[in-house]
Amino acid sequence: MSELLIELDDRVRLVGAVLAVSHWPQIEQACTPHAVHPQAKLTRQFLADHAHHDAVQAANAALQEGAPVADLFAAALNSQWPTFAPTAPLPPSFAAAAWLEALADFYVDTAIAAFFWAQQAASWEEARRDLRRIWQTSPLLSFLARLHDQPLPAAICLTPNLTYPALQPILAVAPDALTFILPPPKAVGESAPWPYREGADWVLAETCCHLCAHLLHPTLAPLSQSERDTLLHAAVAVFLGEALGNAGSQAYIVAAKRQFHLPHLPAAVAQLQSHLASPPATINHSPIHQFTN
């Protein structure tokens, strides 16, 4: 069975640092005004004199051209640390090879590891520790394997992100791992984000939802948006039932049904639970495939 790893990844942290002094924070705030983690503020302060670095300018250009922010992370994760020499095909949505060269120079030029990350280690270790405690007894891998009805294609690596994007989880695909990059739970109003441990149900739900969307994309793609949303949230609700018990599942069903306008969600959850409880009727037909036919 594939591994579930909860680790810090300096490639992810460096991309988040570049984004901290790019146009990304303004883009986020224009969409949804919010408070950020103290690490995001401190990173922006530390790197203020590097806002004109080639890596930052390349990130700004990629974002302006419409490249998904996830592709910036995917490029970094498909390269070696700390040279950023490519190890796999890079996203075609922007000049990824030049971006990686600039990223390697940014790492050296800013000396961020020695003069900033070393002093901030406690916050990042706390985040990793929180995630490890949340996931230590989680049935995620077995649930995804049953849902997918085949071995998972790669290890799954979960990594905290205390900088940017501050609101948007990122799923980056590399040959050896699916890396899920998760910001802390958003707090209410102008408060700083909550620690991961105070939003354990949200951490479980977000991770499951994004991984299901990726793994089940061929099955979900032909469906309508409403059908896709219903099925994805049904899968999350079933997983939460296994991870947290019936109360956690029911709370999610009530909230998701209202938030995402999914009147058929309770029935979909019951139907998916029934399919998962029964062996697949034919080879290479997952419970999800049966459920949608």
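Scroll up to find the structure this text is about.
What you see is a predicted model; the values in this text were computed from it and never measured. (Residues numbered from 1 in each chain as written. Predicted model: local features only at pLDDT ≥ 70, side-chain atom pairs only at ≥ 80, totals over all residues. Heavy atoms only, no water.)

1. Some points on the pattern of salt bridges
Thinking step 1. A full pass over the atoms with the stated rule returns eight salt bridges.
Thinking step 2. Its salt-bridge partner being Glu 125, residue Arg 128 comes within 2.7 Å of it at the nearest N-O pair. Of the two residues, Arg 128 and Glu 125 are both situated in helix H8 (residues 121–135); the distance of three residues between them amounts to about one turn of the helix.
Thinking step 3. With a closest N to O distance of 3.0 Å, Glu 126 and Arg 197 form a salt bridge. Residue Glu 126 is found in helix H8, and its partner Arg 197 is found in the loop between strand S4 (177–182) and helix H10 (200–215); the two are separated by 71 residues along the sequence.
Thinking step 4. It is possible to trace a salt-bridge network through shared partners that takes in Glu 7, Glu 125, Arg 128 and Arg 132. (Salt bridge = Lys/Arg side-chain N within 4 Å of Asp/Glu carboxyl O. Helix = DSSP H or I, 4+ residues; strand = E, 2+ residues; numbered from the N terminus.)

2. Some thoughts on the packing of H10 against helix H12 (residues 225–244)
Thinking step 1. One can describe the packing of H10 onto H12 by two numbers: an axis separation of 9 Å at closest approach and a directional angle of 135°. It follows that H10 is oblique to H12 by the angle criterion. For H10 against H12, the interelement crossing comes out right-handed. Packed against H10, whose contacting residues are Asp 201, Leu 204, Ala 205, Cys 208, Cys 209, Cys 212 and Ala 213, the element H12 presents Leu 232, Ala 235, Val 236, Phe 239, Leu 240, Ala 243 and Leu 244 at the interface.
Thinking step 2. Each residue belonging to the contact of H10 with H12 can be placed in one class, and the counts come to 13 nonpolar, no polar and one charged. (Axes fitted to C-alpha atoms, helices over the stretch in contact; angles between N-to-C directions. Parallel < 35°, antiparallel > 145°, perpendicular 65-115°, else oblique. Left-handed = near helix turned anticlockwise from the far one by under 90°. Contact = heavy atoms within 4.5 Å. Nonpolar A, V, L, I, M, F, W, Y, C, P; charged D, E, K, R; others polar.)

3. So, unusual backbone geometry
When glycine is set aside, most residues are seen to have a negative phi, and most peptide bonds are trans.
Thinking step 1. Each neighbour pair has its own omega, and for Trp 81 with Pro 82 the value is 0°, a cis peptide bond.
Thinking step 2. Structurally, Pro 82 can be placed in the loop between helix H5 (69–77) and helix H6 (96–110).
Thinking step 3. In the segment running from Tyr 164 into Pro 165, the intervening peptide bond is cis, with an omega of -5°.
Thinking step 4. Here Pro 165 lies in the loop between strand S2 (155–160) and strand S3 (170–174).
Thinking step 5. If you check the backbone angles, Phe 84 has positive phi at about 60° while not being a glycine.
Thinking step 6. The class of Phe 84 is buried, set by a relative accessible area of 2%.
Thinking step 7. The residue Ala 111 is not glycine, and still its phi comes out positive at about 50°. (Buried < 20%, exposed > 50% of the residue type's maximum accessible area, 1.4 Å probe, protein only.)

4. Things to note about the nonpolar core
The nonpolar side chains of a soluble globular protein tend to be buried with one another.
Thinking step 1. Counting 48 residues, the largest nonpolar core has Trp 135, Phe 143, Leu 144, Leu 147, Tyr 196, Cys 212 and Phe 239 as the members making the most contacts within it.
Thinking step 2. Those elements that place two or more of their residues in this core are H8, helix H9 (140–148), S2, S4, H10, H12, helix H13 (246–259) and helix H14 (265–277).
Thinking step 3. The element best represented in this core is H12, accounting for nine residues.
Thinking step 4. Sequence-distant contacts of Phe 239, defined by excluding residues within four places in its chain, comprise Trp 135, Ser 138, Pro 139, Leu 140, Phe 143, Leu 204 and Cys 208.
Thinking step 5. Listed in part, the 44 residues of the second largest apolar core include Leu 19, Trp 24, Ala 70 and Phe 73. (Core = buried A, V, L, I, M, F, W, Y, C linked by side-chain atoms within 4.5 Å.)

5. A word on the packing of aromatic side chains
Thinking step 1. This structure, assessed with the given rule, holds seven aromatic pairs.
Thinking step 2. Within the aromatic cluster, the residues linked to one another by ring pairs are Trp 81, Phe 84, Tyr 107 and Trp 117.
Thinking step 3. A cation over a ring is seen here: Arg 13 above Trp 117, with NZ or CZ 4.4 Å from the ring centre.
Thinking step 4. Sitting over the face of the ring of Trp 124, Arg 13 holds its NZ or CZ atom 4.9 Å from the ring centroid. (Phe/Tyr/Trp six-rings, centres within 6.5 Å; stacked < 30°, edge-to-face > 60°. Lys NZ or Arg CZ within 6 Å of the ring centre and 35° of its normal.)

6. Details of the sheet that holds S3
Thinking step 1. Pairing is mixed in the open sheet, where four strands are placed in the order S1-S2-S4-S3. Edge positions in the sheet fall to strand S1 (4–6) and S3, since each of these pairs with one other strand and no more. On average, each strand axis in the sheet is inclined to that of its neighbour by 20°, with strand direction left out of account. (Pairing = 2+ DSSP bridges.)

Honestly, that's just the spatial picture; any functional story needs more than this.
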